[in-house]
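Spelled out, the chains give:
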Amino acid sequence: MKRGRFLLGSLGGLSVVGTFDHLFAQAFAAPVLAGLPGSDDNRVLVLLNFEGGNDGLNTLVPLEMPDYYRYRPTLGIPAGDVLALNAQIGLNPEMGAFKRMFDAGKVAIVQGVGYPKPDHSHFRSQQIWQTAQPDAYVNTGWIGRYLDAADLPKENLFNAVALAPVLPQCVLAQHVDVPAFTQLSGYGLVSDRRRGQRGEYQAMLAEAREPFDSPYLPMVAEIEDHAQRGAEELPQLIAGYTTDASYPATPLGRSLALAAQIIGSRTRTRVIYVRHGSFDTHIAQRGTHDRLLREFSDAIAAFYADLSAHGNDKRTLTMSFSEFGRRVAENAGRGTDHGEAAPLFLIGGAVKGGIYGEHPSLENLDNGDVTFTTDFRSVYATVLEKWFGRSGSEILNGAYPLISALA
């Protein structure tokens, strides 16, 4: 491939199948894990996005609120089927494996999580949850700002990883770049998979002459170099890991199995993003929502069984989130429309299991929606300060009360 052809043509040949949305990829080298399990420099956060807006009321069922059944004559889960956590609330009956994790003290449930003046748009509410800035439009994500502030090794390409086809905004940073891919077999340069083209980019880099003066060429060349080396290095770094759990054959099960490999390897990754859904259940919700919760329950149980077998469960915290909950009343299509607050889960061997916060009232609704009782930035601040040992006020642009779910 001639350099002029590369510059003047499309950038398709440089496409990284494991997508980089941010253009400044860092080098791939990854040092061996250091520190004791659970120490601040050895902890991992797994962000689990319930994409589409999870229905909190059919996830965490309010058993003692008769209005729940009045508003949901067909969608309401019968009290006898609910996996009761106490006299007031219980889990969806499809979440049996997750209920056992709760009983073992590995799950903290934070009720009524939301924010003031909520937005019902998927796009805007996703931005708000992922940037932690409800009153402004910003480019960086809340975890991206943590990555910038944490002074992580600049030579490590895998300080954070997104197991997704597109890089989520929550991990976008100014100085730290995050690779995004869904599976190892698809992580690499398209050109490397075409016969006879593997060495062409390296030849281009070695060529001294340029067809014209471009300030972008060094940047593009560095991206190619780092992406190519990173794609070669990651499979080697995690190759020695042996899975010690039976994961469900679902997209989430495969993502969490790969996440366990990364956590148990030498990548020294601090944050892993995974996705599950879609939870946008406007029509015929019950079957879809039950299936998604069952898939989550089975996959997260396998994930922590795998982590525990390798001694990694106490240094791995999983936090679920979703852009909003659903409206209280079911609609004519036996589904639910975009709502507001919903529960959030903190999972891991180091959490203080239990129920936190107040369940939103169903008697005093805000135009058909529940009102949040816990600001989502309190959960973020708790993760930043108690898990990563970083002040949350600068990252979140304000101070928020912490939750006692983490020591």
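Residues numbered from 1 in each chain as written. Predicted model: local features only at pLDDT ≥ 70, side-chain atom pairs only at ≥ 80, totals over all residues. Heavy atoms only, no water.

Undergrad: Give a description of the overall build of the chain that names residues and reports values.
TA: Summing up its helical and strand segments, the chain has eleven helices and eleven strands in all. Taken over 407 residues, the chain has a buried fraction of 54%. Long-range pairs, those at least 24 residues apart, make up 74% of the contacts in the chain with a sequence separation of at least 6. Entry remark: accessible area of the chain is about 16,700 Å², with carbon and sulfur atoms responsible for 51%. (Helix = DSSP H or I, 4+ residues; strand = E, 2+ residues; numbered from the N terminus. Buried < 20%, exposed > 50% of the residue type's maximum accessible area, 1.4 Å probe, protein only. Contact = heavy atoms within 4.5 Å. Areas by Shrake-Rupley, 256 points an atom, 1.4 Å probe, with all protein chains shown as cover.)

Undergrad: Would you mind going over the packing of helix H8 (residues 251-263) against helix H9 (residues 285-309) in detail, with residue names and values included?
TA: Following both chains from N to C, one finds H8 and H9 inclined at 20°, their axes separated by 9 Å at the closest point. On the basis of their axis angle, the class for H8 and H9 is roughly parallel. Considering how the two elements wind past one another, H8 and H9 form a crossing that is right-handed. Contact residues: Leu 252, Gly 253, Leu 256, Ala 259, Ala 260 and Ile 263 in H8; Glu 295, Phe 296, Ala 299, Ile 300, Phe 303, Asp 306 and Leu 307 in H9. In terms of residue class, the contact of H8 with H9 is built from ten nonpolar, one polar and two charged. (Axes fitted to C-alpha atoms, helices over the stretch in contact; angles between N-to-C directions. Parallel < 35°, antiparallel > 145°, perpendicular 65-115°, else oblique. Left-handed = near helix turned anticlockwise from the far one by under 90°. Nonpolar A, V, L, I, M, F, W, Y, C, P; charged D, E, K, R; others polar.)

Undergrad: So, H8: which residues are in play, and what are the values?
TA: Taking 1.5 Å of rise per residue, the 13 residues of H8 would be expected to cover 18 Å, and the 18 Å separating its terminal C-alpha atoms lies within 8% of that figure. Of all 13 residues that make up H8, ten are buried, and the element is covered over most of its length. Among all positions in H8, only Leu 252, Gly 253, Ser 255, Leu 256, Ala 257, Leu 258, Ala 259, Ala 260, Ile 262 and Ile 263 are buried. (Expected span 1.5 Å × (residues − 1).)

Undergrad: A description of unusual backbone geometry should follow, citing residues and the corresponding values.
TA: Look at Asn 367: it is not a glycine, yet its phi comes out positive at around 55°. By the secondary structure assignment, Asn 367 is in the loop between strand E10 (354-356) and strand E11 (374-375).

Undergrad: Give a detailed account of the sheet that holds strand E2 (residues 60-62), specifying residues and quantitative values.
TA: Pairing in this open sheet of three strands is antiparallel, and the strands run E2-E4-E3 from one edge to the other. Each edge of the sheet is formed by a strand with only one pairing partner; in this case those strands are E2 and strand E3 (83-84). Here two bridges tie E3 to strand E4 (residues 89-91), and the two strands are oriented antiparallel to one another. The partner of Leu 83 across the bridge, within E4, is Leu 91. (Pairing = 2+ DSSP bridges.)

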